[in-house]
Amino acid sequence: MSRPDPLFVQSLAKGLELLEAFEHHPTIMSMNELMEMTGFDRSTTQRMAHTLVSLGYLERGAGGKGFTPGKKILQRTFDYMRSVPLLERATPLVVQLQQETGERVELSLFNDLYIIFALRRQTKRQTFSSTLVGRQLPTVQTAGGRSIMAHLTPEQMEDIIVRSETMPRRSIPSTPKTTRDSARIREYVEQARQDGYAAAAEESQIGELNIAAAILDHQQRPIATIQLAGLTSDWTVENFAKQYAPLIMTTARALSGKVGLA
């Protein structure tokens, strides 16, 4: 049995777990729903919720009923965004790429089993959710994630594939075309390694295709990915990649190799 971590603050972890409950329930949540999502008893849930409301990280719903994420969270998002040099360096290039292509451009950060959208430049035809930063998608099922995996060691790649197989289903957005077969994922990663970019069609959203290239730090480790999204009504994957893969690879190279990016 592993020894308990003497520096780990259990009460702080519980407070953060209460905030994380909203990841899978993006509406006002009642006390009972928070209890169900976290597994905490009523006393713990009440105390944690009250503390987070007092600090501004939770707010009461309409009429004082239920709870919703507080605006204070946006302030912490701002703190994080301005602390990452890569995002400042990438912003003008992302804007330029969107203007040149007329398609949605995104920069996502590598976070182990997930990639997290950090910069998004949308077109007028996109949905509201596709404009928001902070959303995460599984590394194995996205073009961006596979472009990153193509720069990992075989052991690191295999570790991500194996651990992804045990992720809770509710945490994995998917479509009928989402690839879950490990052998095919390995093939896609190998193809990305050969091509210098990865492609995916309708695996995260029906009607959408993506191409992506990895951004590397000064030690050639993948830390992020630049992605371009188009519509299957306008493009085939082959035509989309032929038209724009050179542009995203050029952009990824321009952002790679710098000290202190992450």
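Further up the page is the structure itself.
Residues numbered from 1 in each chain as written. Predicted model: local features only at pLDDT ≥ 70, side-chain atom pairs only at ≥ 80, totals over all residues. Heavy atoms only, no water.

### Some thoughts on the packing of helix 1 (residues 10-20) against helix 3 (residues 42-55)
Here is the rule we go by: Here an axis means a line fitted to C-alpha atoms, over the contact stretch when the element is a helix, while the angle between two N-to-C directions is reported on a 0 to 180 degree scale. The way it works is that DSSP assigns letters per residue, a run of H or I at least four long becomes a helix, a run of E at least two long becomes a strand, and they are numbered from the N terminus. Working definition: roughly parallel below 35 degrees, roughly antiparallel above 145 degrees, roughly perpendicular at 65 to 115 degrees, and oblique for all remaining angles. A contact between two residues is defined here by any heavy atoms of the two lying within 4.5 Å. Amino acid classes used here: Ala, Val, Leu, Ile, Met, Phe, Trp, Tyr, Cys and Pro are nonpolar; Asp, Glu, Lys and Arg are charged; the rest, including Gly, are polar.
Closest axis-to-axis distance for the helix 1/helix 3 pair is 10 Å, and the angle between their directions is 80°. Judged on the interaxial angle alone, helix 3 and helix 1 are roughly perpendicular. For the pair helix 1 and helix 3, contact is made by Ser11, Lys14, Gly15, Leu18 and Leu19 and by Thr44, Thr45, Met48, Ala49 and Leu52, respectively. In terms of residue class, the contact of helix 1 with helix 3 is built from five nonpolar, four polar and one charged.

### Some words on the packing of aromatic side chains
This is how the line gets drawn: Pairing of aromatic rings covers Phe, Tyr and Trp, the last counted by its six-membered ring, and requires centre-to-centre distances within 6.5 Å; plane angles under 30 degrees mean stacked, over 60 mean edge-to-face, and any other angle means tilted. Accessible area is worked out with a 1.4 Å probe on protein chains only. A residue is then buried under 20% of its type maximum, exposed over 50%, and partly exposed in between.
With the rule as written, the count across this model stands at three aromatic pairs. With a centroid separation of 5.3 Å and 65° between ring planes, the pair formed by Trp235 and Phe240 is classed as edge-to-face. The class of Phe240 is buried, set by a relative accessible area of 0%. Consider the rings of Phe240 and Tyr244, whose centres lie 5.4 Å apart with planes at 80°: the pair is edge-to-face.

### Re helix 8 (residues 182-195)
So the rule is basically this: Helix span is expected to be 1.5 Å times the residue number reduced by one. Think of the arc as the fan of directions from the helix axis to the C-beta atoms.
Taking 1.5 Å as the rise per residue, helix 8 with 14 residues should run 20 Å; its terminal C-alpha atoms sit 20 Å apart, in good agreement. Those residues of helix 8 that sit buried are Ser182, Ile185, Val189 and Ala192. In an axial view of helix 8, the angular spread of the buried residues amounts to 75°, which keeps them on one side of the axis. Residues of helix 8 that are exposed and point more than 90 degrees away from the buried face comprise Glu187 and Gln194. Elements that come into contact with the buried residues of helix 8 comprise helix 6 (143-149), helix 7 (154-164) and strand 6 (198-201). After helix 8 finishes, the residue Gly196 shows a positive phi value of roughly 90°.

### As for the environment of Gly64
Within the secondary structure, Gly64 is located in the loop between strand 1 (58-60) and strand 2 (67-69). Expressed as a C-alpha distance, the spacing of Gly64 and Asp234, which sit 170 residues apart in the sequence, is 47 Å.

### A closer look at the pattern of salt bridges
Our working rule: Salt bridge, as applied in this entry: a Lys or Arg side-chain nitrogen positioned within 4 Å of an Asp or Glu carboxyl oxygen.
With the rule as written, the count across this model stands at 13 salt bridges. Note that Glu106 is salt-bridged to Arg120, the shortest N-O span being 2.6 Å. One end of the pair, Glu106, is in strand 3 (residues 104-111); the other, Arg120, is in strand 4 (residues 114-121), and 14 residues separate them in sequence. An identical accessibility class is assigned to Glu106 and Arg120; each is buried. Between Lys177 and Glu202 there is a salt bridge, with the nearest N and O atoms lying 2.6 Å from each other. With Lys177 in the loop between helix 7 and helix 8 and Glu202 in the loop between strand 6 and strand 7 (208-216), this residue pair connects regions lying 25 residues apart in the sequence.

### As for the packing of helix 7 against helix 8
Keep this limit in mind: Crossings are sorted by hand: turned counterclockwise from the far helix by less than a right angle, the near helix makes the crossing left-handed, and turned clockwise it makes it right-handed.
At their nearest, the axes of helix 7 and helix 8 sit 11 Å apart, and the two run at 145° to each other. Handedness of the helix 7/helix 8 crossing: right-handed. The residues of helix 8 that touch helix 7, namely those facing Met157, Glu158 and Ile161, are Ser182, Ile185, Arg186, Val189 and Arg193. Per-class residue counts for the contact of helix 7 with helix 8 are four nonpolar, one polar and three charged.

### Describing the pairing of strand 8 (residues 222-231)
The test is simple: Pairing between strands requires that DSSP locate at least two bridges from one strand to the other.
Most of strand 8 sits out of view: nine of its ten residues are buried. As paired elements, strand 3 and strand 8 share six bridges and run antiparallel to each other. Residue pairing for strand 8: Leu109 is matched across the bridge by Ala224. Bridge analysis of strand 7 against strand 8 gives nine bridges, and the strand direction is antiparallel.

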